[in-house]
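Descriptive structure summary
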Amino acid sequence: MTTEDRPWPDDGVILFDGVCVLCSGWVRFVAERDAARRFRFTPIESPYGRRLAERVGIDPDDPDTNAVILGGRVLRRSDAALAVLSTLPGWEWAKLLRFVPRAARDFVYLLVARNRYRVFGRREVCYLGEGAVADRIIV
């Protein structure tokens, strides 16, 4: 897994598109399984999320990927998804998917990302969590 040389002070932060139904579902999926509460979440539409996106090279007005900060390093696209998945209880097997060449993983990832609004929908307002997720959202 490669990382970018763009350190960020917070660890365990997942940057996501808060108006994307699929992305908000990803946040709920992770939060429900993250018993250790390792991850926090920031929508790209928030002031914090926007600064983070700009810092890691994601256009906050047209995001094409999520990102996660782990160990002070930024992971994007399929590397980010696999890093998060493989830390969740019962999902450790996801580490095996790292053997699939990144170009192939990212091709599929970007195909879904480019079509996410059309296939899964878009919210009118940014998702800021609900229930147990709400206290883990950074705005």
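Before reading on, note that the structure itself is shown above.
Reference entry: report on the structure contained in this document. (Residues numbered from 1 in each chain as written. Predicted model: local features only at pLDDT ≥ 70, side-chain atom pairs only at ≥ 80, totals over all residues. Heavy atoms only, no water.)

1. Section: the overall build of the protein
A tally of regular secondary structure across the protein gives four helices and four strands. Going from the N terminus to the C terminus, the protein shows its helices and strands as β-α-β-α-β-β-α-α. Against the 2.2 N^0.38 benchmark of 14 Å for 139 residues, the protein shows a C-alpha radius of gyration of 14 Å, consistent with a compact globule. Counting only C-alpha atoms and orienting by the principal axes, one finds that the protein spans roughly 35 × 30 × 30 Å. For the protein, buried positions account for 47% of its 139 residues. Long-range pairs, those at least 24 residues apart, make up 71% of the contacts in the protein with a sequence separation of at least 6. (Helix = DSSP H or I, 4+ residues; strand = E, 2+ residues; numbered from the N terminus. Rg over C-alpha atoms; globule rule 2.2 N^0.38 Å. Buried < 20%, exposed > 50% of the residue type's maximum accessible area, 1.4 Å probe, protein only. Contact = heavy atoms within 4.5 Å.)

2. A few points about the packing of helix H1 (residues 21-33) against helix H3 (residues 77-85)
A pair of packed helices is captured by two measures, namely the crossing angle of their axes and the spacing between those axes. Look at H1 against H3: their axes get within 11 Å of each other, and the N-to-C directions meet at 25°. In terms of orientation, H1 and H3 fall into the roughly parallel class. Listed contacts from H3 to Trp26, Phe29 and Val30 of H1 are Ala81, Val84 and Leu85. Across the contact of H1 with H3, the residue classes break down as six nonpolar, no polar and no charged. (Axes fitted to C-alpha atoms, helices over the stretch in contact; angles between N-to-C directions. Parallel < 35°, antiparallel > 145°, perpendicular 65-115°, else oblique. Nonpolar A, V, L, I, M, F, W, Y, C, P; charged D, E, K, R; others polar.)

3. Some points on the pairing of strand E1 (residues 13-16)
A two-sided burial pattern is seen for E1, the buried positions comprising Val13 and Leu15 on one face and Ile14 and Phe16 on the other. Relative to strand E2 (residues 40-43), E1 is paired through four bridges, and the arrangement is parallel. Residue pairing for E2: Phe16 is matched across the bridge by Pro43. Following the chain from E1 across H1 to the adjacent parallel E2, one finds a crossover that is right-handed. Pairing between E1 and strand E3 (residues 67-70): three bridges, direction antiparallel. Looking across to E3, one finds that Ile14 is bridged to Val68. (Pairing = 2+ DSSP bridges. Right-handed = clockwise from strand over helix to strand, strands pointing away.)

4. Some words on the nonpolar core
One finds Ile14, Val30, Phe39, Phe41 and Val68 to be the most contacted residues of the largest nonpolar core, which totals 24 residues. Those elements that place two or more of their residues in this core are E1, H1, E3 and H3. For this core, the element with the most residues is H1, which contributes six residues. Setting aside chain neighbours within four positions, we find Val30 in contact with Ile14, Phe39, Phe41, Val84 and Leu88. (Core = buried A, V, L, I, M, F, W, Y, C linked by side-chain atoms within 4.5 Å.)

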